[in-house]
Amino acid sequence: MSTPPPQPPRPVGPGHSWPPPSPQPGWGPPPGPAGAPALNGFALASLLVGLLCFPPLGVVFGLVALVQIGRRQERGRALAVVGLVVSLVTTAVMLYGLVSWTRPFLERLGSRPVPERVEGQLTDMGRLRTGDCFNVPGGDLLDETPFTYRTDCAQVHDAEVTAATVLGPGPFPGASKLKDSATDACWKAQDAYAMDTWALPDYVEMYYFAPTREAWRAGDRRLICVIGTSGHDHRGSLRKDAGMLTPEQVSLLTALNAADGALGRAPERELDEALPEYRSWAREVDGALGAEERMLRDAAAAHPEAGARLKELAAARTQWQRAAGAVRPSDFRQAWDAAEGALTTGTEQALRGAYGLSTRVPEWIEENQGGSGRGPSSDSA
């Protein structure tokens, strides 16, 4: 069976063909206007980065956003301007803070001359440790922040570290208070490092390096205590601590050094102006001498030389107790003089000899009759 050929479309009216074109659906949305311009991403990034992250990058983003907005006809010009302004302001604040923080270091660095050649290896002071020996340019240990050159203690050197510690947190205590605490701490460190103080050369001096107010604000809390030997061709370590002495020697030297330390902490103000401070000091000295007395009483059987020292200690303590109870400066002065006269250098010299320690009387004792000095003068850098 054959299939008839398809019928050609029949004309329906003039100019039309069958079937007619499909009409537009009645439920679709009508054609709308062209879409709104896009928001420039760098405009938003400029504001966010300027506020929260890295302000200089926010400045770059703001400039890029303004260029792109003008070229692409995008939205966000006001946002880009705000981001640029905010980024510029925060960048300026950041730079001001950075300059303020670094100015002390830059000024100090710029004012320091190029160091002369010094024997040893240039080492940051913060890396010095107890027992290290070092040199400084010109032997100037009074420089607040000298260049330090670590060297073998067997070689000629300017100083030797007795302690390297970190001070506690908190605000800067003030120059005067820091000086007092550093001096006291470094004398104790030296007594522990070189316990036989009579064996130290007369030319040694105690120095310390403590942070300045500016360095403290920058986070520096280092306290370096040293024995200074600059000005003399000193070789060899001065270390003679508890690990290098016998237990008996350590016990004796601990008591003697504590007594010397107490005697050396006399108030700085005049006696007539600060009698209560002097009375408190007298009680401190009496306590230190009492500790020495108890130690020697236990050792008297083995060392007859301790007997003479014990008698002098008893007499000295009586006078210090009188001073502690004095109601007038003149009474305190009288008891003070009597207490100093009660202790003689000879008995301590004999006692040290019996314990195998140095018997050479240091100059600082000869200059302070009765031994009421603190030893070589303390200097701070």
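This is a predicted model, so every value here is computed, not measured.

Conventions and cut-offs
Residues numbered from 1 in each chain as written. Predicted model: local features only at pLDDT ≥ 70, side-chain atom pairs only at ≥ 80, totals over all residues. Heavy atoms only, no water. Disulfide = S-S within 2.5 Å. Helix = DSSP H or I, 4+ residues; strand = E, 2+ residues; numbered from the N terminus. Buried < 20%, exposed > 50% of the residue type's maximum accessible area, 1.4 Å probe, protein only. Contact = heavy atoms within 4.5 Å. Axes fitted to C-alpha atoms, helices over the stretch in contact; angles between N-to-C directions. Parallel < 35°, antiparallel > 145°, perpendicular 65-115°, else oblique. Left-handed = near helix turned anticlockwise from the far one by under 90°. Nonpolar A, V, L, I, M, F, W, Y, C, P; charged D, E, K, R; others polar. pLDDT = per-residue confidence, 0-100. Phe/Tyr/Trp six-rings, centres within 6.5 Å; stacked < 30°, edge-to-face > 60°. Expected span 1.5 Å × (residues − 1). Pairing = 2+ DSSP bridges. Salt bridge = Lys/Arg side-chain N within 4 Å of Asp/Glu carboxyl O.

Brief notes about the state of the cysteines
In the structure shown here, the tally under the stated rule is two disulfides. Between the sulfur atoms of Cys133 and its disulfide partner Cys153 the distance amounts to 2.0 Å. Across the S-S bond linking Cys133 and Cys153, the dihedral sits near 95°, which makes this disulfide right-handed. On the criterion of sequence distance, the pair formed by Cys133 in strand β2 (residues 133-135) and Cys153 in the loop between β3 (148-151) and β4 (159-166) is long-range, its members being 20 residues apart. Neither Cys133 nor Cys153 differs from the other in exposure class; each is buried. The residue that forms a disulfide with Cys186 is Cys225, at a sulfur-sulfur distance of 1.9 Å. Across the S-S bond of Cys186 and Cys225 the torsion is about -65°, and the bridge reads as left-handed. One end of the pair, Cys186, is in helix α4 (residues 175-193); the other, Cys225, is in strand β6 (residues 222-228), with 39 residues separating them in the sequence. Comparing Cys186 with Cys225, the two get one shared label, buried. Ordinal numbering of bonded cysteines along the protein defines a disulfide pattern of 1-2, 3-4.

Focus: the environment of Ala242
Assignment of secondary structure puts Ala242 in the loop between β6 and α6 (247-263). Judged by relative accessible area, Ala242 falls into the partly exposed class, the value being 41%. The spacing of Ala242 and Ala194 is 48 residues in sequence and 8.8 Å in space, taken between C-alpha atoms. Not counting residues up to four positions away in its chain, the partners in contact with Ala242 are Ala192, Met195 and Val250.

Remarks on the packing of helix α7 (residues 275-299) against helix α9 (residues 329-342)
As a packed pair, α7 and α9 sit with axes 11 Å apart at the nearest point and diverge in direction by 30°. With respect to α9, the element α7 is oriented roughly parallel. For the pair α7 and α9, the crossing hand works out as left-handed. Only Pro329, Phe332 and Trp336 of α9 make contact with α7, whose side of the interface consists of Leu275, Tyr278, Arg279, Trp281 and Ala282. Taken together, the residues that form the contact of α7 with α9 break down as seven nonpolar, no polar and one charged.

Concerning the confidence of the model for the protein
With 82% of its residues at a pLDDT of 70 or more, the protein has an overall mean of 83. Scored below 50 in pLDDT, residues 7-33 makes four contacts in the model with residues more than four places away or belonging to other chains. Across residues 370-381, confidence stays below pLDDT 50; counting only partners more than four residues off in sequence or on other chains, it has 42 contacts.

So, the packing of aromatic side chains
For the coordinates displayed, the defined rule picks out seven aromatic pairs. Judged by centre distance (5.2 Å) and plane angle (80°), the ring pair of Trp281 and Trp320 falls under edge-to-face. Within this pair, whereas Trp281 is found in helix α7, its partner Trp320 is found in helix α8 (residues 305-324), the two being separated by 39 residues in sequence. The same class applies to Trp281 and to Trp320, which are both buried.

What about helix α2 (residues 55-72)?
Compared with an ideal rise of 1.5 Å per residue, which puts 18 residues at 26 Å, α2 spans 25 Å between its outermost C-alpha atoms and is within 8% of the ideal. Within α2 the residues assigned to the buried category are Pro55, Gly58, Val59, Phe61, Gly62, Ala65, Gln68 and Ile69. Positioned one or two residues after α2, Gln73 has a phi angle of 60°, which is positive.

Digging into the pairing of β4
As paired elements, β2 and β4 share two bridges and run antiparallel to each other. Of the residues in β4, the one forming a bridge with Phe134 is Ala159. Sheet topology note: the β4/β6 ladder contains seven bridges and is antiparallel. Across the sheet, the residue bridging to Ala164 is Ile224, located in β6.

Overview of the pattern of salt bridges
Tallied over the full model, the rule gives 18 salt bridges. Across the salt bridge formed by Asp124 and Arg222, the nearest N and O atoms sit 3.1 Å from each other. Here Asp124 is found in the loop between β1 (121-123) and β2, whereas its partner Arg222 is found in strand β6, with 98 residues between them in sequence. Look at Arg222 and you get partly exposed, because its relative accessible area is 32%. One salt bridge connects Arg265 with Asp184, and the closest N-O pair in it is separated by 3.4 Å. Placement of the pair is Arg265 in the loop between α6 and α7 and Asp184 in helix α4, with a sequence separation of 81 residues. A relative accessible area of 36% means that Arg265 is categorised as partly exposed. For Asp184, a relative accessible area of 26% translates into the label partly exposed.

Looking at the sheet that holds β3
Hydrogen bonds between backbone atoms are what pair the strands of a sheet, whose relative direction is either parallel or antiparallel. If you trace the six strands from one edge of the open sheet to the other, you get β1-β3-β2-β4-β6-β5, paired in antiparallel fashion. In the strand order of this sheet, the two ends are held by β1 and β5 (205-209), each with one partner. Direction aside, the axes of adjacent strands within the sheet are offset by 40° on average.

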